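The residues making up each chain are set out below.
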Amino acid sequence: MIALAPLVSVQDLVKHFPAGRALWGLGRPRPAVRAVSHVSFDIAPGQTLGLVGESGCGKTTLGRTILRLIEPDAGRVIVDGADVFALKPPELRALRRRMQVVFQDPYGSLNPRMSVRQTLAEPLVIHRLANGTEREQRIFALLDEVGLDRRLAGSYPHELSGGQRQRVGIARALSVEPKFLVLDEAVSALDVSVQAQVLNLLADLQQRRRLTYLFIAHDLAVVRQIADHVTVMYLGKIVELAPAAELYRGPRHPYTTSLLSAVPVPDPNAQRQRLVLAGDVPSPAHPPSGCAFHPRCPHPKKNERCRTEEPALREIAPGQLAACHFAEEPMQ
Amino acid sequence: MNLRATLALLGALALALFVVGEARRHAAATPARRRFFRHRPAAWGLFVLSFFVTLAIAAPWVAPYGPSVTLEIVTLKNQPPSLLHPLGTDLYSRDVWSRLVYGSRVSLSIGALAMLVAVTVGAVVGAVAGYVRRWVDTALMRLVDVGLAVPRIFLMLMAIALWQRLPLALFVLLIGLTGWFGTSRLVRAEVLTLRERDFVAAARGLGAGPARIILRHVLPNVAAPIIVSAALGIGNVMLLEAGLSFLGIGVPPPLPSWGNMIADGAAQLATAPWTTLFPGLAIALVVMALNAVGDALRDALDPRREAEWDTDGATL
């Protein structure tokens, strides 16, 4: 689907969290939580892949496993030619310069006891990138780049606003000059106007630094502004993967359709049909049989096959993949 | 009391006042110091501590007599406080004030050193157990359970049985090495919540090793409970030292400690109460001062307190 060799390639990634055993380790083992099961995708250099799904669908686990902040159970991840899970600690440390993460919670992602300067200096120290005045210059350059006043260098996180903190988080990620950034709901905790500013900043940075993004979010509206391709996850699995334009124009999976119908339209007179899903997300420890989405699926043609046979992720149109038995007859 | 000792005492008082005054004068300089002095008892605590520390350092000048000089065993024993002997004399006609001054050296340094050992071991064990988890955590915490289950006093008695006369350094080490269990639990609990925070994940993502994460990201964020437990712990160690010396297994006489001074005077509590009253008062004062300073430090060292104080502090 992509002409260029991918910068990031995720192949059949699996992460299960064992739930331990009942009765303090004596009873039967409880079923593991299947946070990520058999996920594969590629991201071309300089592109943004949006990753969307409800809370608890495994998007954050996926993001962290790709960066090996969590050890995987199976699968392979190639970032910039390096096999992330096969690396020994020194090699992994070197690779960490090329892949970074920005977290959702701007309160939790900065050490409350380190000033902005200290936070930004640490990566330079770890990777021995700069010393003395040069280090100071680089910190100022980073602050400039993310649109923060240089005078904030001495501030502590609790003295900053949410948007400022998030900019510090972005500056920290950029400090080691990565090629690949995982943006783990990087704008979800911000209010709408700040969200737009940070999104613009991220888009600028991508242009300027030729960055590749994995942009994780829980709503499709935000992803639309930044993503080239979009992946939709449900219960640890990819249900749809398509170029952004195609996905927004004609979603193939009923889950994507319902997510799209939840995107608010800024027009009070707009007449539209909201497609509200019934029920909650099932527990990832006990996923439903067949198509995991079938108990909540609003597709009119839903039948016995959905309950028994798991649909494979297959190419429906050029570059557009979906995991639905009725992907050829999408809703609406 | 002679002129030199009186002047030295006045000097010590003046120095303690000067320390508090200077600290207060610069209090506005940093938010941490501002928060420290917002605790009213903190200034008193600081005063008491600097006074006793000065006494300990300047003992030869402040004390009119040596710590174990017997002046006149017949006429000068168990004398009540007077101008010449401001805190009286004890059973062996030794000047109580002089012994109190020299005793502060022993008692304060035992308290500080033993606590330093205890807090260091406790913080490192707690941080490692909480951060590494798995079997390391299990092993260390079972060790702590055992440590908490064995009464300290029995360990001391065993040590006495082994060494007859316990060298002071060993005594300090023993108190320190039996006093870290509580701290390690405290630190571990904090570390368990901290290690799940995103800034720790961010540090790992940046390539920081476990040592850097524990030292730079985890321990600074548990500094508050560590310091509070250290400040309270010094007081506890001093009380323990007093108790053990009272039982005759702590600081060996004639070396004065506040604990064995109380022990020496206990027999004539009814006839010469000053021999126990003043060292007891000294212990109580220092322990209270440590508690006040510990409390104030907890707030001073936590930058997140600033906002809380600015809103709540006004109403308090």
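For the structure itself, look to the data block above.
Now for a description of the structure that goes with this document. All values derive from a computational prediction rather than experimental measurement.

## What to know about the overall build of chain A
When you go through chain A residue by residue, the secondary structure sums to eleven helices and twelve strands. In summary, chain A has a C-alpha radius of gyration of 21 Å against a globular reference of 20 Å for 332 residues, a match within 12%. Expressed along its principal axes, the backbone C-alpha trace of chain A runs to roughly 70 × 60 × 45 Å. Within chain A, the proportion of its 332 residues that are buried is 42%. By sequence separation, contacts in chain A at least 24 residues apart represent 65% of the contacts at least 6 residues apart.

## Regarding the interface of chain A and chain B
Listed as interface residues are 22 residues of chain A and, on the opposing side, 16 residues of chain B. When residues of the side of chain A that touches chain B are traced back to their parent elements, those giving at least two are strand 6 (99-102) and helix 4 (116-126) of chain A. For the side of chain A that touches chain B, the leading source of residues is helix 4 of chain A, giving three residues. A class-by-class count of the residues in the side of chain A that touches chain B yields ten nonpolar, six polar and six charged.

## As for the sheet that holds strand 4 (residues 74-79) of chain A
Residues and elements named next belong to chain A. On the basis of which strands lie adjacent, the open sheet formed by four strands has the order 2-1-4-5 and antiparallel pairing. Of all the strands in the sheet, just strand 2 (33-43) and strand 5 (82-83) have a single pairing partner and so form its edges. One ladder, built from seven bridges, connects strand 1 (residues 8-17) with strand 2; its direction is antiparallel. Looking at the pairing, Ser9 lines up with Asp42 of strand 2.

## Some words on helix 2 (residues 59-66) of chain A
Residues and elements named next belong to chain A. Among the eight residues of helix 2, eight are classified as buried, and the element is accordingly described as predominantly covered. The set of residues buried in helix 2 consists of Lys59, Thr60, Thr61, Leu62, Gly63, Arg64, Thr65 and Ile66. Positive backbone phi, at 60°, marks Arg68, one or two positions downstream of helix 2.

## With respect to the pairing of strand 6 of chain A
Residues and elements named next belong to chain A. Residue alternation in strand 6 divides its side chains into two sets, Met99 and Val101 and Gln100 and Val102, and both sets are buried. As judged from the four bridges shared by strand 6 and strand 7 (residues 180-184), these two strands associate in the parallel manner. Looking across to strand 7, one finds that Val101 is bridged to Val182.

About the criteria used
- Residues numbered from 1 in each chain as written.
- Chains lettered and ligands numbered in written order.
- Predicted model: local features only at pLDDT ≥ 70, side-chain atom pairs only at ≥ 80, totals over all residues.
- Helix = DSSP H or I, 4+ residues; strand = E, 2+ residues; numbered from the N terminus.
- Rg over C-alpha atoms; globule rule 2.2 N^0.38 Å.
- Buried ≥ 20, exposed ≤ 12 C-beta atoms within 10 Å, placed from the backbone.
- Contact = placed C-beta atoms within 7 Å.
- Nonpolar A, V, L, I, M, F, W, Y, C, P; charged D, E, K, R; others polar.
- Pairing = 2+ DSSP bridges.

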